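Here is what each chain is made of, one letter per residue.
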Amino acid sequence: MAKVILGSWRDDVTDNRGLKKSAIPEAFKGLKEFESGNDILAFMGWDGFFLFDRDAPVVDMARAYVEKAQEESCGYCTPCRVGTKVVAEKLAALADGHGRREDIDAIRSMAAVIRDASMCELGHTSMTALLKMMELAPEAFEEAVAGRAPVKRGNYRAMATAPCIEACPAHLDIPEYVDAIRSGNYYESLAIIGRKNPLAGVCGRVCVRPCEFVCRREELDEAISIKHLKRFVNDQIVSYVSARSKPLEEIPSASGKKAAIIGAGPCGLTAAFYLKRKGHEVHIFEDLREPGGMSAVGIPDYRLPRDVISSEVRRISEIGVKFHYGKRLGRDLSLSQLETEYDSVLISVGAHGSKSVGMEGEDANSEGYVAGVTFLRDLNLLHHIGEFKPPEGTRVVVVGGGNVAMDCARSAVRLGYSKVSVVYRRTQKEMPADHEEIEGAMEEGVEFLFLTHPVRIDAEAGKVKGITCVKMDLGEPDASGRRRPVEVKGSDFFIECDIVIPAIGQSSDFSFLSDGSGIETTKWGTIAVDDNTMMTGRDRVFAGGDCVSGPAALIDAMGHGLRVAHCMDQRMRGEKMSMPEAERMFRLLKTMSLPQAPVNRLGNKARCRLEMRPARERTSDFVEIERGLKPDEAIREAERCLRCYRIALFATEE
Amino acid sequence: MTTIIETKKKVRLEIDGKTVLAPEGATILEAARAVGVRIPTLCYHEALSPIGSCRVCVVEVEGVDRPATACNTQALDGMRVATRSERLFNLRREVIRMILAHHPLNCSPCPKNGDCELQDIAYEYDLAPNDFGSYSIKTEEYPWKEFSTPILDYHPRRCVLCGRCVKVCKEIRGLGAITMAGPGALASIQPALADPESPSRCVSCGECMRVCPVNAIEERMGGGKGKPWETEKTATTCAYCGVGCSLELNVVNGKVVGVTTDDATGVNKGRLCSKGRFGYAFIHSGERLSKPLIRNEKGELEETTWTKALTRVAREFRRSIAEHGPDSIAGLSSARCTNEENYLFQRFIRQAIGSNNVDHCARL
C-alpha cells in the first residue's frame, strides 16, 4: 500500500509532511511496486500528483512529465506544440542547475496559457500537476535555481493514455486513428489500428466497444461512434486495395524460431499476426475448415458477413502465416509433438461448448434441444452452402440475455419459425446484450419474457413439447451489482414450443490435456496461466483467449493475443519474459481508479445514426443489416472526438 | 422578383453586449462578424472549414471556464460571449508569441514582407523581436527537403502550422496529399501517408501556397519576385482552357513574375490549377511565336505578313480540296480556346471546308 506524503487530485489536497496540516492520510490499496522489487516513489497525472516518498525527485519528475507531453503533442495547436517545449526546456535548465529565478515565473504563466488555450485534453491537462506541485511544494523549485542544492534525478515510466485507450483490452490508440479519419487520412488511420488490431473490419462490426462506454463526450451530448468509425476506415481501404488486388508482401522469418498456434480465433489470429511481424515462422492449426473461431461460427452473417473475416485472414496469410485447417488438438495433433517441432505453442481453443441451464429434464439428446453455440455454428458453417437443416418445429424459445441469445433468436426469425421467444430471468435493464441487439430483435418480432426463469423441459418420447417457467422478482444486488432475481412461489406457467435453445454460457473442452502435462485448469473450467507472462505451468506452452478468460468478448481475446504474443516473442528470443510496460501501467491506473474531472467544454453535436435495413426486409435473409458510415458522416463523427489524451507518469526507484 | 424564404432556425445570443440573431449552425465567429464585432484570427480562412489550430480567436463563453475558439464553436441560443478582456488579450498575445518563437524574425528579405498575416497580427498585439527572450526555444534545424514537387518549396522554419494548406488540399482539391505531423515542436507539413504504391498524391496545383499566410510554401520558379508594394497586379483571364479562371498577373518592371488570385473573383473564386498558377514563364520566352512565318523553298521559316500567310493557307486548302476532296483536310483544335472559338472552328471545318474530320486535343 502506497501512503501519500503530499498529493492533490482535482484540488483535493493531502499533506502529511510533518504536522503542519491535519489532512486525512490517504493511501492507494494495491499500489506499491511498479514491478517486483521496484517501488513507486511518485505519480503525476492529469488532475494532480502524489508523492509517496519524501525523496521523490519533484523538479526532475516535472521535467520528465512535460517532456513526455511535448513528445506526445500532435503539433496541431500552438499552445501545446510550442508551450510544452518552452516549459520542458526551462524545467530541464532548472534540473541541470542553471535555471534562473525568473524561469519559475515564466513556467507558471506559460503553463496557464497552455491549460487555457490548447485545443484538446492533452494541453488542458498536461500542466495541472506541475502547477499544483509549484503551489504545494514551491521550495523544491526554489532550491533548484542555480547555486543551491543539486537537483535529484530519477527514473520514470510515462505514457499517454485516454479513458477509451484504458478501457480497450487491446489498448488501441483510439483518439489517434479517429484524428486521422478527421483529417481524411484513411490509410494512416487503418495503419494505426493495424499496429495492434489485425481484425479492424470484424471489430468495427461486432466489438462490444468498452471504449464507447467510457467516452467523455457522453457528458456533453453522446459518446462518439468509435466502432462505426473503425468499420468505416477499414471498408474504405479494403474496397480500395482489393479493387487493385495486390497482395501484401510476405514478411521473412528472420528469427529462425517457429511458433504453433492452436485455434484460428481472434486470440490466435492476433497473436499470429504479431509473431509474424516480429520475424517468426508461425503456423496456425484449426479444427474447423475455416478461420475466425467464434467470430466466424458464433456470429451470424447479418451482423458479420463472412467475407469480412476472410479478407482480414487473407491479409494475415499474405504476410506469411501458415494455416492448417481440419486439425484438432488431441485428435490430429498432440501437445508433445508440437513442442518438439516448435519453439513455443499457444493454446487458444476458445469456448465452444455450451453450459446447461440446470433445468429439470434437460437432455442434450432430446429432439428440439439445441445448444446456442451449436445452433449458430451449424448455421454459420452450412447455411451459406445450402446444407443447413434447421431443427424441426414452429415455436422457438431461447434462454438467456446475452448477445449469443440475441443472435440465436434473430437467426431463428430469419429461418422462418413462426414464433420466437426469449426467456430471461431479470429485466431488460440488466440484459448483458447490446441494446441495439435487443431493440433489433424486438423490431423483428422476437417476444421477450423478462423476469422469467425456465425450470423444466417437458418432453414426450424424446421430443421437446414445451418449457415450464416461473416468474421472478428482483431482490438485493449481488456481487455483480445487478439485483438478484428471486423466484415467485407458485407462479409456474407452461410455454408450448418445439425447440429450446439455451444460450446462457459457454465452456471449453480440455480433453486434449492429459494428466501430468503440467497444464492446470481452474475451478471455472479455464486454463491457468501466469498472469504476468500468460505461460501455462508447462515451459514454452502459452494460452490465451476464451479458454483462459472464460467466454468473453472478441476484443478481450484480441487483447490476450497481443499480450501472449509479446511474451512468446520474448521467450523465443531467450529474453526474460514480462508483461508489456504499458499493460503494467494500465493496470496500475486501474488500481488507483482516480476520479474523473467533468468535461468543461461546449457540446451540442449528436452522434451519427447508422441506417439499418428495415425489419420487414431484413428478416428474410442473412445479409448484413447495418449500412456503414458515409465519408462525410464519418468525418463529422470524428470531429466530435474530444481527444482526452493525458499523460501518466510513475517515478520509480529503479 | 425572387422571395427568399428563411427556412433556417435562428439562435439568439449576445456578443459583447450586442444581441445577435444567427442562423442555427453558425459559429461564434460568423455571428460576431455579422454584427461587426472583430475577433482576430490567423488559421481561419473563409474558403475552408474552421481549423482551430492557432487559438488566436479565443473568446469567453459565460458558464464555461475554459475559453472557446470562436472559429469552430457553434453559436447556441442564449449564449453570452465576450470577445474582449484582459485575460483574452493576454492569451492571444502569448499564443502569437509562441507562434513567433520559431519563426524567423528578419522580415526584410522575405518576399511576403508587407503582405503577411502574421506580421499584421504581431503588429496588432504590439510584439517586437525583443519580446521573445524568454520564449526562445531550441528547435532543431529541419532538413531542407523537397516538398513533394519540383514546383513548390516548403520552409519549415517559416511555417506557423496553421493547417490551411492541409485543409485546402483536402477540401478544395480533394486530394489530401499533405498532412501535419508531430511530434510537438518539430511538427511540420509532410506528404500524407498514401497507400504504399502511390507515395504522393500532390499535383502541384499550388492551392496550399495560395492560402499560406506566411510564405512557408513558395514557388520555386524565378526568384527575385519583387516586394508587394512594387508589384503591379493586372486582372486577366487564364488562357489555358475554356473554363476562363480569373487571375492577376503580378508585374514588376514590366515583367510577369507570378500569378495571384482574388478569393472573391471569377468562376474560380481564387482557385487555380498548376498551369494557370505556374505556367506563365512562356510569356517572356524568346522561343515564343509572335509573328507569322512561311517556309520558303529552301525549307527555312521566313517572316511575313498576316495577309500573305492567310492567303497562302486558303490557297493550299482550295488546292487540296480540288485535287483530293474535302476529306483530305482535318482540323485539330486546342483546349486553350474557348467554347465559342471551338464551336466556330468545327463550323469552319464542317461547312467552309466540308470535312467531318475535326477533333480536339482534350479528347486525345
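Here's what I pulled together on the structure shown here. (Residues numbered from 1 in each chain as written. Chains lettered and ligands numbered in written order. Predicted model: local features only at pLDDT ≥ 70, side-chain atom pairs only at ≥ 80, totals over all residues. Heavy atoms only, no water.)

With respect to the overall build of chain A
When helices and strands are counted, chain A shows 24 helices and 24 strands. At 28 Å, chain A has a C-alpha radius of gyration in line with the 26 Å of a compact globule built from 654 residues. With the principal axes as the frame, chain A shows a C-alpha extent of 95 × 60 × 50 Å. When burial is assessed residue by residue, chain A has 58% of its 654 residues classed as buried. For chain A, restricting intrachain contacts to residue pairs at least 6 apart in sequence, the fraction spanning at least 24 positions comes to 72%. (Helix = DSSP H or I, 4+ residues; strand = E, 2+ residues; numbered from the N terminus. Rg over C-alpha atoms; globule rule 2.2 N^0.38 Å. Buried < 20%, exposed > 50% of the residue type's maximum accessible area, 1.4 Å probe, protein only. Contact = heavy atoms within 4.5 Å.)

Observations concerning the sheet that holds strand 12 (residues 344-347) of chain A
Each strand in a sheet pairs with its neighbour through backbone hydrogen bonds, running either in the same direction (parallel) or in the opposite one (antiparallel). Residues and elements named next belong to chain A. Strand order across the open sheet formed by five strands is 11-10-9-12-23, with parallel pairing between neighbours. The sheet is open, and its two edges are formed by strand 11 (322-325) and strand 23 (541-543), each paired on a single side. For this sheet, the mean inter-axis angle between neighbouring strands, taken without regard to orientation, is 20 degrees. Note: strand 10 (residues 281-286) against strand 11, four bridges, orientation parallel. Bridge pairing in strand 11 places histidine 283 opposite lysine 322. Relative to strand 10, helix 13 (residues 266-277) is tilted by about 165 degrees, and along the sheet it contacts strand 9 (258-262), strand 10, strand 11 and strand 12. (Pairing = 2+ DSSP bridges. Axes fitted to C-alpha atoms, helices over the stretch in contact; angles between N-to-C directions.)

Comments concerning empty space enclosed by the protein
Using a probe with the size of a water molecule, rolled over the atoms, empty space left in the structure can be pinpointed. Residues and elements named next belong to chain A. Using the criterion set out here, one finds seven cavities of 30 Å³ or more in the structure. Quantified by volume, the largest cavity comes out at close to 130 Å³. What lines the largest cavity is a set of 16 residues, among which Cys164, Cys215, Arg216, Cys641 and Cys644 lie closest to the centre. At the level of elements, helix 7 (163-167) and helix 8 (174-182) are the ones that each hand at least two residues to the lining of the largest cavity. For the lining of the largest cavity, the per-class residue count stands at 12 nonpolar, no polar and four charged. (1 Å grid on protein atoms, 1.4 Å probe; cavity = no way out; pocket = protein on both sides within 12 Å on 5 of 7 lines; lining within 4 Å. Points joined across faces, edges and corners; volume = space filled by probe spheres on them. Nonpolar A, V, L, I, M, F, W, Y, C, P; charged D, E, K, R; others polar.)

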